[in-house]
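Working through the structure, step by step
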Amino acid sequence: MAIQWFPGHMHLTKKAIAERIKEIDVVIELLDARLPGSSANPMLAGLTGAKPALKVLNKQDLADPARTALWLAHYNSQPGTRAIGLDASMSTPAKALIEACHALAPTRGSMVKPMRVLICGIPNVGKSTLINTLTGKRATKTGDEAGVTKVEQRLVLADGFYLWDTPGMLWPRIIVAKSGYNLAASGAIGRNAFEEEEVALELLDYLIRHYPAMLEARYKVEITPQTTDELLLEEIGRKRGAVLSKGRINLQKAAEIVIYEFRAATLGRITLETPEEFDMALVAGQLLDAERQVKKDKIETDRLIRQKKLPRPVKFGSR
């Protein structure tokens, strides 16, 4: 299954970022600490150019702390980039953001030369909740559904520090299949764009290999080398009473339980990818995408030749 979700308002957000970026000093990208690579928008590099970037790993209290450290080191090693972690328990997130932005643009931040910052991120990454915390009031609408914020807003965080908030935005085509599943599991993609059972199976497959103890503790099951994602989903449904007539398991209900408990961190603090894993998946996705493009180009060329809009290629050696 290829998971894709790009509602119309995201096109408008892309245009708004392209226009606003001309006067921006620092770009803050809010990432989900449970899937930092998958939640990083590949379109932003093209939209923001060489602007200094602050990568904020939000919801770090839900993520694996050891893996969060790996991701922070990964982003901090990149030129023109800083990375920090945030979560709902932090009492002064504004101070952390302002200090990090000043480090990236030290000549900005006065009333004469105010710091102009753009904050962006995927849907449901916690941006609206963070901004409400930063401003100390309910400046933006929040919700647990992707795509709540749909308009750009300008906010004043401190004297000489202006923050532009943009609606959550994905990218038109997700070429890394695993990223699509991770984004769906996190709640970044609208529920009508994926099948819960497939997402839950992909999630369980990863957790069996990387977080078996958490699965055993939460669902009172035994993870063995023979445990598969399908068998585990059935067992979870059985344990949680998702049973239909004649003992059949309601896999839809079982899948909803798994996804909900991952999102709520009821399973524990989990991160679905390391920098190395994501880089490998990205390279594989790019190769597959290139192969698909070659096939697509050939089909289009053949069509134009049949319609006599292109000449037939000359075969060498023919008369």
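The shown structure was predicted, so the numbers you read here are calculated from the model rather than taken from an experiment. (Residues numbered from 1 in each chain as written. Predicted model: local features only at pLDDT ≥ 70, side-chain atom pairs only at ≥ 80, totals over all residues. Heavy atoms only, no water.)

With that settled, the discussion passes to the overall build of the protein chain. A tally of helices and strands in the protein chain yields eleven helices and six strands. For the C-alpha atoms alone, the extent of the protein chain along its principal axes is close to 75 × 70 × 35 Å. Out of the 319 residues belonging to the protein chain, those deemed buried represent 48%. Of all intrachain contacts in the protein chain linking residues separated by at least 6 positions in sequence, the fraction that spans at least 24 positions is 70%. For the protein chain, the exposed surface amounts to about 16500 Å²; the carbon and sulfur share of it is 55%. (Helix = DSSP H or I, 4+ residues; strand = E, 2+ residues; numbered from the N terminus. Buried < 20%, exposed > 50% of the residue type's maximum accessible area, 1.4 Å probe, protein only. Contact = heavy atoms within 4.5 Å. Areas by Shrake-Rupley, 256 points an atom, 1.4 Å probe, with all protein chains shown as cover.)

Our focus in this paragraph is the confidence of the model for the protein chain. A residue-level look at the protein chain finds 91% of positions with pLDDT of 70 or above and a mean pLDDT of 88. Low pLDDT, under 50, characterises residues 138–150; the predicted model gives this stretch 39 contacts beyond four residues in sequence or across chains. (pLDDT = per-residue confidence, 0-100.)

What follows is about the packing of helix H6 (residues 177–186) against helix H10 (residues 251–263). Following both chains from N to C, one finds H6 and H10 inclined at 80°, their axes separated by 8 Å at the closest point. Viewed along their axes, H6 and H10 adopt a mutual orientation that is roughly perpendicular. Contacts between H6 and H10 pair Ala184, Ala185 and Ser186 from the former with Ile259, Phe262 and Arg263 from the latter. Of the residues that constitute the contact of H6 with H10, the class distribution is four nonpolar, one polar and one charged. (Axes fitted to C-alpha atoms, helices over the stretch in contact; angles between N-to-C directions. Parallel < 35°, antiparallel > 145°, perpendicular 65-115°, else oblique. Nonpolar A, V, L, I, M, F, W, Y, C, P; charged D, E, K, R; others polar.)

Side chains that are nonpolar tend, in soluble globular proteins, to be buried together. Counting 74 residues, the largest nonpolar core has Ile28, Leu54, Leu97, Leu163 and Leu183 as its most contacted members. Top element by residues in this core is helix H7 (residues 196–210). It accounts for eight residues. Those residues in contact with Leu163, other than ones at most four positions away along the chain, are Ile28, Val117, Ile119, Ile131, Leu134, Gln153, Arg154, Leu155 and Leu157. Ala33, Leu57, Ala63 and Ala83 belong to the second largest nonpolar core, which has ten residues in total. (Core = buried A, V, L, I, M, F, W, Y, C linked by side-chain atoms within 4.5 Å.)

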